[in-house]
Each structure stands twice: as C-alpha cells, then as structure tokens.
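Structure assessment
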Amino acid sequence: AAKTSGETCRWYATELDQQAGEEARLGAELRTALDSGQFRLVYQPIVELPHGRIKAVETLVRWDHPERGFISPVDFIPVAERNGLIMELGAWILREACHQASRWYAELGDVAPEHISVNASARQLAHRGFAALVASALEDSGLSATRLTIEVTETAVFEGGPAVDTLHRLHDLGVRIALDDFGTGHSSLGLLQTVPVDVLKVDKSFVDTITMAGRHAVIATALIQVADGLGLTAVAEGVETAEQAAELERLGYRLAQGYYFGIPEAQPDFRRNRESAVDP
Ligand code: C2E
Ligand code: CA
Ligand code: CA
Ligand code: CA
C-alpha cells in the first residue's frame, strides 16, 4: 500500500514540487552529513608560471554521501546557502583549512605553500560575525592572517552591502581578499576601487578560449592589464593544457590554477617546491 501511495504522489507531483522535495531532502541530509563527518577538504595548487612551483592552494569541500556517493559542491553549496547551514558548514571548512595549513608550515617549512584560499559564500559575508569567526579560526590554529586568502564572488560583494564592511574587517586583520570567477558577475570594474581586493581570479571561461584563433585572448589580456595597473595579483583559473599555460605566460600571467598543474587533493605533493628551489 505504501508503494502505491508513493507512486500516486509521484504521479501528481509537478516538476517544481519534485525540485522542492529534492531540495528539502538534500537540506536535511546536509545536517546529518555535518553531524556525522561526511565532508572532507581537498586542496588545489595555484602555481607560479612557468616552472610550476606551488605558491598557494585553494580549499574545496567534498561530500561523500553514504548512499549517493560523491555530490558536487555546485549542487549542495547553493542548498546550504538557502537553508542557512552554510554558516555552520563554512565555519567548519574555515577552521579545518586553517589547521591543515598550520600543520603544513610546521611539518614542511619553506616547502609549504605561502597562502591558503578558502571560499566564502554571500550569506557568510553578509553576516556581521564573519570577520570575528575568521579571527578565531586563525588564533585557534596558530595560522598567520597573512597566510589566509578569502575568495569571494563579485555578486556577493555589491557596493553598499554588508559584505563590503566584512571585507574591510578581514583586510584589517591582514587577510587577503580574492575576487573569484572575475569577469562573470554583474558588477563593474569600479568595484575594484571601492572594496579591498588583493587577488583577481580570472574565470575559466576566459582561459578556455585563449588559444583559439581570432580575438579570444582579448579579455584575458585586458584583465592582466587591469590587475597589473592596480597592483593586484592575477590568477588564471581552469588551465587544462600546456598551450593555455604558455599563452598565459606570454600575456604576462605569473600565477595559474587548473587540472594541467594539479587536481584538488587531500595532500598535494609539495615536494616539487623543494626540487624547483634548486633549479637554476
Ligand atoms: P570555484 O571557487 O570557482 O572553484 C574552482 C572549481 O573549478 C572547483 O570545482 C575546481 O575543482 C574546478 N577546477 C579547477 N581546475 C579546473 C580545470 O582545469 N578544469 C575544470 N573543468 N574545472 C577545474 P569544485 O570543487 O567542483 O567547486 C565548484 C564550486 O563550488 C567552487 O567554484 C565554489 O564556488 C564552490 N565551492 C567549493 N568548495 C567550496 C567551499 O568550501 N565553500 C564555498 N562557499 N563554496 C565552495
Ligand atoms: Ca574559488
Ligand atoms: Ca573560481
Ligand atoms: Ca567557478
């Protein structure tokens, strides 16, 4: 009987109802996942061009669901944003990443990456207590504020919004700010003059087309000029081929991230930093 009523429900459900149901289910499962430790962190290298020394790593969250297997952050971060669980999940990510970075410095010294990036969502940034949370994660882990970069998207940081205030507080702590997926949001270049930004992460979409014939490198070229002109660090995202890496270097990019240089891993191999250090 239970089966029949389940099927009847499904029969009448509209696509929207199904989506709402899926969202509610995922939201509830996020709670369980957080309580039972189903999340883990991986770190993707951000390397220096052309030699590939690992300058920094970006922290990315992974969810290993006991029944459904791997669930992408693209699918669950927006749900966590909407149901508010991003506050707790984000705090866990931040603390965990700061502790990991602190351990790397203790164990590896100079071979460890100089910076660690952590993504922050719009809702976290809009919260008044976010800078205090960052300060406490740094203090508890013993990580220096200058080692931490917080990645934010343009859309999360509209002028006059509460996020701008948070960014100033973070900057006052000594934390660096990176504008993520730069060039894909709705905000203008003017944002760069009103919010404290240190790093521009040039979106993968501008890297994808860079080696194609025609005018496809125009935006990547313009963005490195903007970054250089304003004294910001540019990072090219989503580099997948040697050709893209070579072209980026030719355009003046000194930092890049992407599968070509390294996938996100629990323990990236930082030994290549030691090897490149003895290179001429
Ligand atoms: P993002 O911040 O732009 O992160 C970069 C994404 O690009 C990551 O996907 C990374 O694995 C992927 N990527 C890196 N190199 C390449 C490449 O060469 N080719 C391709 N095709 N992809 C590449 P991921 O880990 O699936 O994360 C997707 C998005 O989910 C992130 O985009 C970010 O917006 C969000 N996210 C992930 N982890 C966190 C987190 O800890 N907190 C928050 N708030 N958001 C997160
Ligand atoms: Ca990011
Ligand atoms: Ca990005
Ligand atoms: Ca992205």
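As named in an unreviewed UniProt entry, the chain is Diguanylate cyclase, taken from Couchioplanes caeruleus subsp. caeruleus.

Further remarks concern the packing of aromatic side chains. Summed over the entire model, instances satisfying the criterion amount to 6 aromatic pairs. With 5.5 Å between their ring centres and 45° between their planes, Phe 39 and Phe 76 make a pair best called tilted. Highlighted residues: Phe 39 in strand 1 (residues 39–48) and Phe 76 in helix 3 (residues 73–83), separated in sequence by 37 residues. There is no split in this pair, since Phe 39 and Phe 76 are both buried. Note on Tyr 260 and Phe 261: the rings are 5.0 Å apart at their centroids and 75° apart in plane angle, and the pair reads as edge-to-face.

Here we come to unusual backbone geometry. Residue Pro 50 is bonded to the preceding Leu 49 through a cis peptide linkage, with omega at 0°. Note that Pro 50 resides in the loop between strand 1 and strand 2 (54–65). Its identity as a non-glycine residue notwithstanding, Asp 181 has a phi of 50°, on the positive side. Mapped onto the secondary structure, Asp 181 falls in strand 6 (residues 176–182). With relative accessibility at 26%, the residue Asp 181 sits in the partly exposed group.

Turning our eyes to something else, we now look at the site of ligand 1. For ligand 1, the set of nearby residues contains 21 residues, the closest of which are Gln 44, Arg 62, Asp 180, Glu 240 and Tyr 259. Residue Gln 44 places a side-chain N or O atom 3.1 Å away from a nitrogen atom belonging to ligand 1. Contact between ligand 1 and Arg 62: an oxygen atom at 2.9 Å from a side-chain N or O atom of the residue. Its free accessible area being 800 Å², ligand 1 has 81% of it covered by the protein chains. Applying the majority rule of atoms within 2 Å of the grid points places ligand 1 in the largest pocket. Put simply, the parts of the chain that give the shell around ligand 1 at least two residues each are strand 2, helix 3 and strand 6. A per-element tally of the shell around ligand 1 places strand 2 first, with 4 residues. Of the residues contributing to the shell around ligand 1, the split by class is 9 nonpolar, 5 polar and 7 charged.

Thresholds, definitions, all that
- Residues numbered from 1 in each chain as written.
- Chains lettered and ligands numbered in written order.
- Predicted model: local features only at pLDDT ≥ 70, side-chain atom pairs only at ≥ 80, totals over all residues.
- Heavy atoms only, no water.
- Phe/Tyr/Trp six-rings, centres within 6.5 Å; stacked < 30°, edge-to-face > 60°.
- Helix = DSSP H or I, 4+ residues; strand = E, 2+ residues; numbered from the N terminus.
- Buried < 20%, exposed > 50% of the residue type's maximum accessible area, 1.4 Å probe, protein only.
- Near = heavy atom within 4 Å.
- Polar contact = N/O pair within 3.5 Å; in protein donor to acceptor, adjacent residues only side chain to side chain.
- Areas by Shrake-Rupley, 256 points an atom, 1.4 Å probe, with all protein chains shown as cover.
- 1 Å grid on protein atoms, 1.4 Å probe; cavity = no way out; pocket = protein on both sides within 12 Å on 5 of 7 lines; lining within 4 Å.
- Sits in = over half its atoms within 2 Å of the grid points.
- Nonpolar A, V, L, I, M, F, W, Y, C, P; charged D, E, K, R; others polar.

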